[in-house]
Structure formats: C-alpha cells, structure tokens
Amino acid sequence: MSVLHWLNGQAFTVFGQHVIWSDMVGNTIGLAALALGWRRSIWTWPAQFLSGVILVAAYASAHLSGGVGKQLLVIGVALWGWRQWQRGRRQAQDGSIAVRFATWRERGLLIGGTAVGTLAVGGLFTLIPQLSWNPWPDAYIFVGTLAAMVAQARGLVEFWFAWLLVDVVGVPLAFSSGLAFSGLVYVVYLALVLWGMRDWWLRSRAAAESPVLEGVAA
C-alpha cells in the first residue's frame, strides 16, 4: 500500500461523517502550528510546512483545487516565513518574534490584494469548473489563507483577523466537502484565533508604550 493511498484511506466514522487520515493528521499538525504561532515560536513554520504537504492529499481527494493550491502556497510561504522570523526574532527582547499592528498602507494592500486575488481566482475556477465544485468559497479561502500567512510572516496582529475571516467560510465548506475533521479543526482554530488575537494585541500595545515610558523616565 502506497503512502498516498494510506493517507486518503478512512480513519474512522463519527456522526455519519467519514474521516480520512490525511485530513486528520494534516489538520492536527496545522492546529499545533497555529498554537506555536500564538506563542510566537519560529517552529510554527516547519509545522505549517508539514501540514501543507499532508493536506495536499486531503484536498485532492475532495476535488478542491483551491484547497490544493492553498496548501501549495502554505508550503511556499512557510519557507519564506521561517526566513522572515529568523531575521525578526532578534527584535524582541525575549528572543521570540516582535509583533505590531499594520500601518494603514499595509492594511490597504492586504485588503485590496485579497479582494482582487479572490475575484481573479474565483473567476478562473468559474471558467474551468473542473478545478473546483464550489469556486467562490474555495477561492476566498485560497487567497485569504495566503493573506493571513503573509501578515503572520511580517508579525502583524491583523494576521489573526484574516484567519478569523477565513474560518467563517472554511467551516461550512469543509463539512460540505466531506472533510469532517477539517470542519471540526476549523472550529478549534476559531478559539485559538481569538486567544492568539488577544495575546498579540496586548503585546503590540505594550511594545508601543515602552518607548514612551522610557522617555518619561529619562
């Protein structure tokens, strides 16, 4: 039995939903990657890389080309994010990545790029139905995930907001695509995203206030 055949094999059934190994293993590692991201650990990137490799098989089995493309992007951005955090980790006093809010220009680029990218990818999926059976939600998740990972690589608090918006569409799409474990994990993602958002928000505010306090003390 090949590794690919095993990954796309059924692990178990729960509430009438069939859970395949690639969906379960890949998303479990992805969940760990998000938790590591919340802790601002650089090991979030190797975990995202491995999760992406495994989830390619899961999305391919569900005939979601957007999902496959998303995971290929995850793999590529994970390598870039590792390099970015290797440089940026020296900025934080505790040895982890320094985080901050995006500038208005950066927010505009993220929102505009996500909107244009979703229109372009959704249009492509609509013109070529073989690429995705649910083109617009698939395109939205595809581009939204890329935007979230780019924001994470730059240490932007808005990374969590982007993930939150991806989850809103990701949960129902995963269940309707037969990827039950992905749907359940997206729900857990939601809790982690809210927790991580609060932590990064407080840290970014503390970092912004430190120079002011130092100036007063001087």
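Residues numbered from 1 in each chain as written. Predicted model: local features only at pLDDT ≥ 70, side-chain atom pairs only at ≥ 80, totals over all residues. Heavy atoms only, no water.

S.K.: Any chance you could explain the side chain of Ser41 here in plain terms?
M.R.: Mapped onto the elements of the fold, Ser41 is located in the loop between helix 2 (21-38) and helix 3 (44-61). With a relative accessible area of 17%, Ser41 lands in the buried category. Setting aside residues no more than four positions away along its own chain, Ser41 makes contact with Leu36 and Trp85. (Helix = DSSP H or I, 4+ residues; strand = E, 2+ residues; numbered from the N terminus. Buried < 20%, exposed > 50% of the residue type's maximum accessible area, 1.4 Å probe, protein only. Contact = heavy atoms within 4.5 Å.)

S.K.: Help me understand the pattern of salt bridges, please; the structure alone is not making it clear to me.
M.R.: Side chains bearing opposite charge may pair, as long as their charged atoms lie close to each other. Scanning all chains against the criterion turns up three salt bridges. Here Glu106 makes a salt bridge to Arg100, at a shortest N to O gap of 2.9 Å. Glu106 gets classed as buried once you look at its relative accessible area, which sits at 13%. A salt bridge links Arg107 to Glu158; its shortest N-O distance comes to 2.8 Å. In this pair, Arg107 sits in helix 5 (residues 104-127) while Glu158 sits in helix 7 (residues 158-176), placing the two residues 51 residues apart along the sequence. Residues participating in the shared-partner salt-bridge network are Arg100, Glu106 and Arg154. (Salt bridge = Lys/Arg side-chain N within 4 Å of Asp/Glu carboxyl O.)

S.K.: Help me out: how do you make sense of the packing of aromatic side chains in this one?
M.R.: Centre-to-centre distance and the angle between the planes together describe a pair of aromatic rings. On inspection of all chains with the given rule, the structure shows five aromatic pairs. Here the aromatic rings of Phe101 and Trp201 are separated by 5.2 Å at their centres, their planes lie at 90 degrees, and the arrangement is edge-to-face. Remark: Trp201 occurs in helix 8 (residues 180-217) and Phe101 occurs in the loop between helix 4 (65-88) and helix 5; sequence separation between them is 100 residues. For Phe101, a relative accessible area of 27% corresponds to the partly exposed category. Chaining the aromatic ring pairs together yields one cluster made of Phe101, Phe161 and Trp201. Over the ring of Trp104 we find Arg107; its NZ or CZ atom is 4.5 Å from the centre of that ring. (Phe/Tyr/Trp six-rings, centres within 6.5 Å; stacked < 30°, edge-to-face > 60°. Lys NZ or Arg CZ within 6 Å of the ring centre and 35° of its normal.)

S.K.: Explain the nonpolar core here, please?
M.R.: Proteins that are soluble and globular tend to have nonpolar side chains buried together. Among the nonpolar cores identified, the biggest contains 37 residues, and Leu34, Trp45, Phe159, Trp160, Trp163 and Trp200 are the most heavily contacted of them. Elements with a minimum of two residues in this core: helix 2, helix 3, helix 4, helix 6 (135-153), helix 7 and helix 8. (Core = buried A, V, L, I, M, F, W, Y, C linked by side-chain atoms within 4.5 Å.)

S.K.: Quick question: what am I supposed to make of a nonpolar patch on the surface here?
M.R.: A cluster of nonpolar side chains, Phe49, Val53 and Leu79, forms an exposed patch at the surface whose accessible area comes to about 250 Å². Inspection of the secondary structure assignment puts Leu79 in helix 4. (Patch = residues over 30% accessible without salt bridge, like charges linked within 9 Å, V, L, I, M, F, W, Y side chains within 5 Å. Areas by Shrake-Rupley, 256 points an atom, 1.4 Å probe, with all protein chains shown as cover.)

S.K.: I'm lost on the packing of helix 3 against helix 6 in this one. Help?
M.R.: Describing two packed helices takes the angle between their axes plus the distance from one axis to the other. Here helix 3 crosses helix 6 at 160 degrees, and the two axes come no closer than 12 Å. As judged from the angle between their axes, helix 3 and helix 6 are roughly antiparallel. Crossing geometry of helix 3 relative to helix 6 is assigned as left-handed. Within the contact between the two elements, helix 3 uses Thr44, Trp45 and Gln48 and helix 6 uses Met149, Gln152 and Ala153. Its residues assigned to classes, the contact of helix 3 with helix 6 shows three nonpolar, three polar and no charged. (Axes fitted to C-alpha atoms, helices over the stretch in contact; angles between N-to-C directions. Parallel < 35°, antiparallel > 145°, perpendicular 65-115°, else oblique. Left-handed = near helix turned anticlockwise from the far one by under 90°. Nonpolar A, V, L, I, M, F, W, Y, C, P; charged D, E, K, R; others polar.)

S.K.: Even after reading the chapter, I still don't get helix 7, so can you show me in this structure?
M.R.: Each α-helix turn comprises 3.6 residues. Residues three or four places apart therefore point the same way. Its 19 residues place the ends of helix 7 28 Å apart at the C-alpha level, agreeing with the 27 Å of an ideal helix rising 1.5 Å per residue. Buried residues of helix 7: Glu158, Phe159, Trp160, Ala162, Trp163, Val166, Asp167, Gly170, Leu173 and Ala174, and no others. (Expected span 1.5 Å × (residues − 1).)

S.K.: I'm lost on the confidence of the model for the protein in this one. Help?
M.R.: The pLDDT averaged across the protein works out to 78; a share of 76% of its residues lies at or above 70. Averaged pLDDT values for the elements of the protein fall to 58 in helix 1 (residues 3-7) and rise to 93 in helix 5. Low pLDDT, under 50, characterises residues 212-218; the predicted model gives this stretch zero contacts beyond four residues in sequence or across chains. (pLDDT = per-residue confidence, 0-100.)

S.K.: Quick question: what am I supposed to make of the environment of Leu173 here?
M.R.: For Leu173, the position within the fold is in helix 7. Taking C-alpha positions, Leu173 is 7.8 Å from Gly183, a pair spaced ten residues apart along the chain. Look past the residues within four positions of Leu173 in its chain and what remains in contact with it is Trp133, Asn134, Pro137, Asp138 and Ile141.

S.K.: Looking at this structure, how should I read helix 3?
M.R.: Here helix 3 spans 26 Å end to end across 18 residues, near enough to the 26 Å set by a 1.5 Å rise per residue. The principal kink in helix 3, of about 30 degrees, is found at Leu55. Taken as a whole, helix 3 has its buried residues at Thr44, Trp45, Ala47, Gln48, Ser51, Gly52, Ile54, Leu55, Ala57, Ala58 and Tyr59. (Bend = angle between axes of the 7 residues up to and from the residue.)

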